[in-house]
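# Close look at the chain arrangement
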Amino acid sequence: MASPMSAGKFLAGLKAEGLTVVEVGDWEHHNRNHKGPWGPVHGVMIHHTVTKGSERTVTLCRDGYADLPGPLCHGVITKDGRVHLVGYGRANHAGLGDDDVLRAVISEKALPHDNETNTDGNRHFYGFECENLGDGKDPWPAVQLEAIEKAAAAICRHHGWTERSVIGHLEWQPGKVDPRGFTMASMRERIRERLK
């Protein structure tokens, strides 16, 4: 059982990993905590945004939609490799997912196939939205992939987790495809190497 780190430690950890961090507004206090608990935290979830344009993407992830209010993640990783912090606390990013997957993340074992939506992921996962159209054709620049690796590693490092604590949205919730354009297995391998 891990309590979420403070917003200050989150920011410091990302910077210590060598990331360029952009603080957006009052991100430390922008959350959905009134809708339910934040924590205990067990992992990091990676998403793609299905958007184009960094400024628009960051605004959307901070503010959300009419039927899904923001923040939609904790950090937005844009194509230039910068991490834009848009919220901290409970965020509308993971939704309901598979309790078997959560148990595997907690025990840092191989993930089972996600086949049900019975567990609140917004409570248990840090979330990063990554600017990409998600069509399998939009490129993932090297600096962006490196930033995803570093951001996930920073959180794992703080909590003493391995790369197995990092999952894609597609591994959590049936029907989701994100992130598309690289495999989570390859990203976990990168994170494993970085944590060495």
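The preceding data block contains the structure.
From a predicted model like this one, the values you see are computed outputs, not experimental measurements.

Analysis parameters
Residues numbered from 1 in each chain as written. Predicted model: local features only at pLDDT ≥ 70, side-chain atom pairs only at ≥ 80, totals over all residues. Heavy atoms only, no water. Core = buried A, V, L, I, M, F, W, Y, C linked by side-chain atoms within 4.5 Å. Buried < 20%, exposed > 50% of the residue type's maximum accessible area, 1.4 Å probe, protein only. Helix = DSSP H or I, 4+ residues; strand = E, 2+ residues; numbered from the N terminus. Arc of directions from axis to C-beta. Contact = heavy atoms within 4.5 Å. Axes fitted to C-alpha atoms, helices over the stretch in contact; angles between N-to-C directions. Parallel < 35°, antiparallel > 145°, perpendicular 65-115°, else oblique. Left-handed = near helix turned anticlockwise from the far one by under 90°.

This paragraph deals with the nonpolar core. Phe10, Leu14, Ile46, Tyr126, Phe128 and Ile148 are the most contacted members of the largest nonpolar core, which has 36 residues in total. Looking at this core, the elements that each hand over two or more residues are helix H1 (7-16), strand E2 (43-48), strand E4 (83-85), strand E7 (125-130), helix H5 (142-159) and helix H6 (184-195). It is H5 that provides the largest number of residues to this core, a total of nine residues. Counting eight residues, the second-largest nonpolar core is a separate cluster that includes Val105, Phe125, Ile167 and Trp172.

Once that is clear, we can look at unusual backbone geometry. At the junction of Gly39 and Pro40, the peptide bond is cis and its omega measures out at 0° in the coordinates. With an omega of 0°, the peptide bond running from Gly70 to Pro71 counts as cis. For Pro71, the position within the fold is in the loop between helix H2 (54-63) and strand E3 (75-77). Its identity as a non-glycine residue notwithstanding, Val50 has a phi of 60°, on the positive side. Positive phi, normally seen in glycine, also occurs at Glu108, with a value near 55°. Residue position: Glu108 is located in the loop between helix H3 (99-107) and strand E6 (119-120). You can call Glu108 partly exposed: its relative accessible area is 23%.

Moving on, we come to H1. Residues three or four positions apart in an α-helix share a direction because the helix packs 3.6 residues into each turn. What H1 keeps buried is the set Ala7, Phe10, Leu11 and Leu14. Across the axial projection of H1, the buried residues extend over an arc of 95°, all falling on one side. H1 presents Lys9 and Ala16 as exposed residues on the side facing more than 90 degrees away from its buried surface. Buried residues in H1 make contact with strand E1 (21-23), E4, E7 and H5.

At a minimum axis separation of 9 Å, H1 and H5 run at an interaxial angle of 125°. Taken together, the axis directions place H1 and H5 in an arrangement best described as oblique. Of the two possible hands of crossing, H1 and H5 adopt the one that is right-handed. On H5, the residues touching Lys9, Phe10, Gly13 and Leu14 of H1 are Ala151, Ala154, Ile155 and His158.

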